[in-house]
Amino acid sequence: MAAPRCMRSFLGPVKRAKITHAPRPYTQTFSRTKSSRTDEENERELRDDRDGKLMEQLKLDLESGDMPLDQRLQDMGLDPAEYRRLNSSLQAANERMEEWEPKTREEAQERWKELQNSPDHLGLLRIYKRSGVEIIKLAKERGITLPTDKDPLDEKTQAALDALRTPINVRAIHLRPLRRTPEHGVPVCDLQLRTYSIRNLLLFADFAVRAAYYMGLCARGPIPLPRITERWTVPRANFIFKKSQENFERVTMRRLIQIQDGHPDVVKAWLAFLQKHQYHGVGMKANIWEYESLEDAMRTGVEVKEGDYGRRREGAVMQKVEEILQGKGFKEAMKGFKSEVELRP
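Note that this is a predicted model, so its numbers are computed, not measured.

1. Focus: a negative patch on the surface
Among the surface-exposed residues, Glu-95, Glu-98, Glu-99 and Glu-101 lie close enough to one another that they form a single negatively charged patch. Along the chain, the position of Glu-101 falls in the loop between α4 (80–100) and α5 (105–117).

Structure, rendered in structure tokens:
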């Protein structure tokens, strides 16, 4: 039975046919997009290209004999002796590698059998671990030591080292911070620490309490304060896409450290010390109170003469400074200087 006319092309012999189509009009819009490559990668490529060009120029100068090697290395900022040492070590490593590489197929098979029969150190450790053998304990029992192990000390030196005690301030790092008991309990300073990372906050709060103890201040805290939670809702688009919104949240964690019965000057020095060694990501806010005595209240309205520092808090220090400035030895030492030293009121 003859095949239908529509199937004859499929059942017939295979023939190569060249199919050509007329070119169709095609348009494409191009938009400039930001490159996915970062600035660091671009700078790295530029630096590599620059280094490559410098090396090529170095080779050309050395081959032509225009510039000696030492002068060229000094211009590049390299030490000639260090360069020779590294170059010799590199050549020695290449020679050892060439000697180790097998030249024939038989040598390659022998090297492969050696590697199979002698596993590496990591493979041996894994084998011992699976079999339940403790390498370090077994080595100590058999008296096996590594080349990097130091020789043991004599008995007297070891006993003297064991008798030494760690200083108390070093041991206190591993314990809770020490505190001083206030006598009157009058608040002098409230230090509030704020951050978005709880680990940084706890570390700096512990540091502040320890610093207050060593400066002779009575500190309370750190006292946890309520968290500040802020939320924002920002629409991603406008008009009909108003429902497509994005939510943001920021949580601020706080701790309070209160100083009681402290001298104002010591408190200011404590705050300056914390500001100098402030930890990243932790903000500080301090409220300071200073109290005056009743004598200061009774002195209001009294006329103070120029040069009278007795009524001031630092009056004793100012009087001592004035006594030094008016001394005979100081005047003789300052005889050659034109500028006179005056005590400001």
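2. Topic: the sheet that holds strand β2 (residues 218–235)
Read from one edge to the other, the open sheet built from four strands follows the order β2-β3-β1-β4, with strand pairing classed as antiparallel. Since the sheet does not close on itself, it has two edges, and those belong to β2 and β4 (282–288), each with one partner. Pairs of neighbouring strands in the sheet enclose a mean axial angle of 20°, with direction left out of account. Direction of pairing for β2 relative to strand β3 (residues 245–260): antiparallel, over a ladder of 14 bridges. The residue of β3 that forms the bridge with Thr-233 is Asn-247.

3. A word on the side chain of Thr-252
Mapped onto the elements, Thr-252 comes out in strand β3. Residue classification places Thr-252 among the buried positions, given a relative accessible area of 8%. If near-sequence neighbours (up to four positions away) are discounted, Thr-252 is found in contact with Arg-194, Thr-195, Tyr-196, Arg-227, Ile-228 and Glu-230.

4. Overview of helix α11 (residues 264–276)
Between its first and last C-alpha atoms α11 spans 18 Å; for 13 residues at 1.5 Å apiece the expected length is 18 Å, and the two agree. What α11 keeps buried is the set Pro-264, Val-267, Trp-270, Leu-271 and Leu-274. End-on view of α11: buried residues confined to an arc of 120°, all on one side of the axis. Close packing links the buried residues of α11 with β1 (187–195), α10 (198–214), β3 and β4.

5. Here we look at the packing of aromatic side chains
Per the stated rule, a full pass over the model turns up three aromatic pairs. Their ring planes at 80° and their centres at 5.3 Å tell us that Tyr-213 and Tyr-214 sit as a pair that is edge-to-face. The residue whose ring lies beneath Arg-180 is Tyr-213, and the NZ or CZ to ring-centre distance is 4.4 Å.

6. Overview of the pattern of salt bridges
Taken as a whole, this structure holds six salt bridges when the rule is applied. Of the charged contacts in the structure, one is a salt bridge between Glu-82 and Arg-85, with a shortest N-O distance of 2.5 Å. In this pair, Glu-82 and Arg-85 are both assigned in helix α4, three residues apart and thus about one turn of the helix distant. The exposure class assigned to Glu-82 is partly exposed, which follows from its relative accessible area of 35%. For Arg-85, a relative accessible area of 47% gives the class partly exposed.

7. What to know about a nonpolar patch on the surface
Among the surface-exposed residues, Leu-124, Leu-125, Ile-127, Tyr-128, Val-133, Ile-135, Ile-136 and Leu-138 lie close enough to one another that they form a single nonpolar patch of about 660 Å² accessible area. Of all the secondary structure elements, the ones that give two or more residues to the nonpolar patch are α6 (121–131) and α7 (135–142). Broken down by element, the residue count for the nonpolar patch peaks at four residues, all from α6. Its place among the elements puts Leu-125 in helix α6.

8. Quick word on empty space enclosed by the protein
In the structure shown here, the tally under the stated rule is one cavity of 30 Å³ or more. What lines the largest cavity is simply Leu-178, Arg-179, Arg-180, Val-209, Ala-212, Tyr-213, Leu-217 and Ala-219. With three residues, α10 is the single largest residue contributor to the lining of the largest cavity. Of the residues contributing to the lining of the largest cavity, the split by class is six nonpolar, no polar and two charged.

9. Quick word on unusual backbone geometry
Put simply, Gly-221 and Pro-222 share a cis peptide bond, and its omega is 0°. Structurally, the position occupied by Pro-222 is in strand β2.

10. A word on the nonpolar core
By size, the foremost hydrophobic cluster in this structure holds 21 residues, and its most contacted members are Leu-191, Leu-193, Ile-257, Ile-259, Val-267, Trp-270 and Leu-274. Among the elements of the structure, β1, α10, β3 and α11 are those that each provide at least two residues to this core. Broken down by element, the residue count for this core peaks at seven residues, all from α10. The residues touching Ile-259, leaving out its near neighbours within four places in the chain, are Val-186, Pro-187, Val-188, Cys-189, Ala-212, Leu-217, Cys-218, Ala-219, Val-267 and Trp-270.

Criteria and thresholds
- Per chain, residue numbering runs from 1 following the sequence as it is written.
- Local features are withheld for residues below a pLDDT of 70 in this predicted model, meaning they are given only at 70 or higher, and side-chain atom pairs are given and counted only at 80 or more; totals for whole chains, interfaces and linings count all residues.
- Neither water nor hydrogens contribute to the side-chain values; these are computed over all heavy atoms in the structure.
- Residues enter patches when they are more than 30% accessible in relative terms and free of salt bridges; like-charged ones are connected within 9 Å and nonpolar ones (Val, Leu, Ile, Met, Phe, Trp, Tyr) within 5 Å.
- Shrake-Rupley sampling with a 1.4 Å probe provides the accessible areas, and residues are treated as covered by the protein chains on show and by no other component.
- Any Lys or Arg side-chain nitrogen found within 4 Å of a carboxyl oxygen on Asp or Glu counts as a salt bridge.
- Positive charges come from Lys and Arg, negative ones from Asp and Glu, while His and the chain ends are left out of the count.
- Charged side chains are reduced to one point each, which is NZ for Lys, CZ for Arg, CG for Asp and CD for Glu.
- Comment: elements are numbered from the N terminus, with helices defined as DSSP H or I runs of at least four residues and strands as E runs of at least two.
- Two strands pair if DSSP finds at least two bridges between them.
- Whenever a helix is involved, its axis is fitted only over the stretch in contact; in every case the axis is a line through C-alpha atoms, and angles between N-to-C directions fall within 0 to 180 degrees.
- Exposure is judged per residue with a 1.4 Å probe applied to protein chains only, and the accessible area is read against the type maximum: over 50% gives exposed, under 20% gives buried, and values in between give partly exposed.
- Only heavy atoms enter the contact rule, under which two residues are in contact if any of them lie within 4.5 Å.
- By definition here, a helix of n residues has an expected span of 1.5 Å times n minus one.
- The arc refers to the directions leading from the helix axis to the C-beta atoms.
- Any two of the Phe, Tyr and Trp rings considered here, Trp counted by its six-membered ring, make a pair once their centres fall within 6.5 Å; the pair's planes then place it as stacked at under 30 degrees, edge-to-face at over 60, or tilted in between.
- Placement of a charge over a ring requires the Lys NZ or Arg CZ to be within 6 Å of the ring centre, with the centre-to-atom vector within 35 degrees of the ring normal.
- A 1.4 Å probe that fits into a set of points on a 1 Å grid over the protein atoms alone but cannot get out defines a cavity; an open set with protein on both sides within 12 Å along at least five of seven lines defines a pocket, and lining residues are those with an atom within 4 Å of a point.
- Grid points are joined across faces, edges and corners, and a volume is the space filled by probe spheres set on the points.
- In the scheme used here, Gly and all other residues not listed as nonpolar or charged are polar, with Ala, Val, Leu, Ile, Met, Phe, Trp, Tyr, Cys and Pro taken as nonpolar and Asp, Glu, Lys and Arg as charged.
- Think of a nonpolar core as a cluster: buried Ala, Val, Leu, Ile, Met, Phe, Trp, Tyr and Cys residues, connected wherever their side-chain atoms sit within 4.5 Å.

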